[in-house]
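Inside the fold
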Amino acid sequence: MESSRLIQTSHLVFLLLALSVSYVHCQATRVGFYSKTCPRAESIVRSTVQTHFRSNPTVAPGLLRMHFHDCFVQVIDDAKTQLEAACPGVVSCADILALAARDSVVLTNGPNWQVPTGRRDGRVSLAADTTNLPGFTDSIDVQKQKFSDKGLNAQDLVTLVGGHTIGTSACQFFRYRLYNFTTTGNGADPSINPSFLPQLQALCPQNGDTTRRVELDTGSQNRFDASFFSNLRNGRGVLESDQMLWTDSSTKTLVQRFLGVRGLLGLSFNVEFGRSMVKMSNIGVKSSNEGEIRKVCSTINGL
């Protein structure tokens, strides 16, 4: 069952926290880290993700957003089992996650990028740090501060939230926007397009199932593309924190640049997403004498 805080994350920005990877600037990751010690590492992860994706496409957004449902765990565990058979004690779980996230984007027609590897897994749990993840009601200022604390800027925020182009959210995380949000008008969040409101209300009735899943990028939930930003422009963002990217002037310009608005320097979502993912993953890594290579991804060695 997904925890509420993990469902609330804006994107993959703290993917590595799931494996307790704390950061220091002692050793840089690099593309091809396993080229000699485990040359099939990336292909093993890729083929494992592909296999699970064919049977359940929700694996892709699950990997991208740290949704710890059964398929997600099984993908990582399957890859780890194969890697331990091929190269015992060599490939970290943190690197498996980083590679699997990239591969999941590719499988949904998104961009490909080179993933620097060489991370080590932490020896202690940092589960409490998930309280520092962006929440679905956080203001843009709060979201930007949380990103800044991890070395990421406003453009990284907008870019990585764009990862919501694939996947879904449960009604419980946005239904409050649909009913009694205000005491005027129709009672809904005024940033919701009035023509979109009945659609959301039909999917999430006021006293309905709070666990029902709704696509975050209406009309394009299984395809990685920039339509998510078009939906924000049109008042069709599902999460309040997502729609704020358009209503807040400090991030609206960045959304417009992804949309190619005339008079602004355009941004390529595919290019920038890969760059921001690499930037996030290279904030820093454990030095060679810190951390460990876990034998089982969900458990610290020796437990």
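As recorded in an unreviewed UniProt entry, the chain goes by the name Peroxidase, listed as coming from Lithocarpus litseifolius. Recorded in UniProt under Function (unreviewed entry), the annotation for the chain is "Removal of H(2)O(2), oxidation of toxic reductants, biosynthesis and degradation of lignin, suberization, auxin catabolism, response to environmental stresses such as wounding, pathogen attack and oxidative stress. These functions might be dependent on each isozyme/isoform in each plant tissue."

As a further point, take helix α7 (residues 154-161). With respect to burial, α7 is a largely interior element, six of its eight residues being buried. For α7, the complete set of buried residues consists of D156, L157, V158, T159, L160 and V161. Its buried side turned inward, α7 meets α6 (140-148), α9 (227-233), α10 (240-247), α11 (249-259) and α12 (269-281). The opening residue of α7 is N153, an N-cap whose side-chain oxygen sits 3.1 Å from the backbone nitrogen of Q155.

Our next topic: the nonpolar core. Judged by nonpolar contacts, the single largest core of 52 residues is most densely connected at F229 and F273. Top element by residues in this core is helix α5 (residues 93-107). It accounts for eight residues. With 17 residues, the next largest nonpolar core counts F173, F174, L197 and C204 among its residues.

With that settled, consider the UniProt feature "binding site: heme b" (unreviewed entry) in the chain. Here, the residues flagged by UniProt with the feature "binding site: heme b" (unreviewed entry) are H164. Residue placement: H164 occurs in the loop between α7 and β1 (168-170). Classification of H164 as buried rests on a relative accessible area of 1%.

Note that side chains of opposite charge can pair when their charged atoms are close. Going through the model one piece at a time under the given rule, you end up with eight salt bridges. Between R102 and E42 there is a salt bridge, and its shortest N-O distance comes to 3.2 Å. Of the two residues, R102 sits in helix α5 while E42 sits in helix α2 (residues 41-55), which places them 60 residues apart along the sequence. Judged by its relative accessible area of 23%, E42 falls in the partly exposed class. One salt bridge connects R102 with D103, and the closest N-O pair in it is separated by 2.7 Å. When its relative accessible area of 4% is taken as the criterion, R102 is described as buried. By relative accessible area, D103 is classed as buried at 5%. Through salt bridges with shared partners, a single ionic network connects E42, R102 and D103.

Positive phi, close to 70°, is recorded for N109, a residue that is not glycine. Along the polypeptide, N109 turns up in the loop between α5 and α6. Of note in this structure, N180 is not a glycine but carries a positive phi near 55°. Within the secondary structure layout, N180 lies in the loop between β1 and α8 (197-203). Here N180 falls in the exposed class, since its relative accessible area comes to 65%.

The next thing to look at is the state of the cysteines. The tally for this structure, following the rule as stated, stands at three disulfides. Put simply, C93 and C297 are joined by a disulfide, and their sulfur atoms are 2.1 Å apart. Residues C93 and C297 share a disulfide whose torsion about the S-S bond is about -90°; that sign makes it left-handed. Remark: C297 occurs in the segment after α12 and C93 occurs in helix α5; sequence separation between them is 204 residues. The class for C93 is buried, based on a relative accessible area of 0%. Once the disulfide-bonded cysteines of the chain are ranked by sequence position, their pairing pattern turns out to be 1-2, 3-6, 4-5.

Next up on the list: α5. In this model α5 runs 21 Å from its N-terminal to its C-terminal C-alpha over 15 residues, within 8% of the 21 Å that 1.5 Å per residue would give. Counting buried residues in α5 gives 13 out of 15 residues, a clear majority hidden from the surface. Directly beyond the C-terminal end of α5, a positive phi value near 70° is found at N109.

Further remarks concern the side chain of R236. With respect to the secondary-structure elements, R236 resides in the loop between α9 and α10. One buried charged residue, R236, remains without a salt bridge, the closest side chain of opposite sign being E215 at 7.1 Å. With residues near it in sequence (within four places) discarded, R236 still touches N193, S195, F196, Q199, T218, N231 and Q243.

Rules used throughout
- Residues numbered from 1 in each chain as written.
- Predicted model: local features only at pLDDT ≥ 70, side-chain atom pairs only at ≥ 80, totals over all residues.
- Heavy atoms only, no water.
- UniProt positions renumbered as here; feature names shortened; annotations may be inferred.
- Buried < 20%, exposed > 50% of the residue type's maximum accessible area, 1.4 Å probe, protein only.
- Helix = DSSP H or I, 4+ residues; strand = E, 2+ residues; numbered from the N terminus.
- Contact = heavy atoms within 4.5 Å.
- Polar contact = N/O pair within 3.5 Å; in protein donor to acceptor, adjacent residues only side chain to side chain.
- Core = buried A, V, L, I, M, F, W, Y, C linked by side-chain atoms within 4.5 Å.
- Salt bridge = Lys/Arg side-chain N within 4 Å of Asp/Glu carboxyl O.
- Disulfide = S-S within 2.5 Å.
- Expected span 1.5 Å × (residues − 1).
- Lys, Arg positive; Asp, Glu negative; His and termini not counted.

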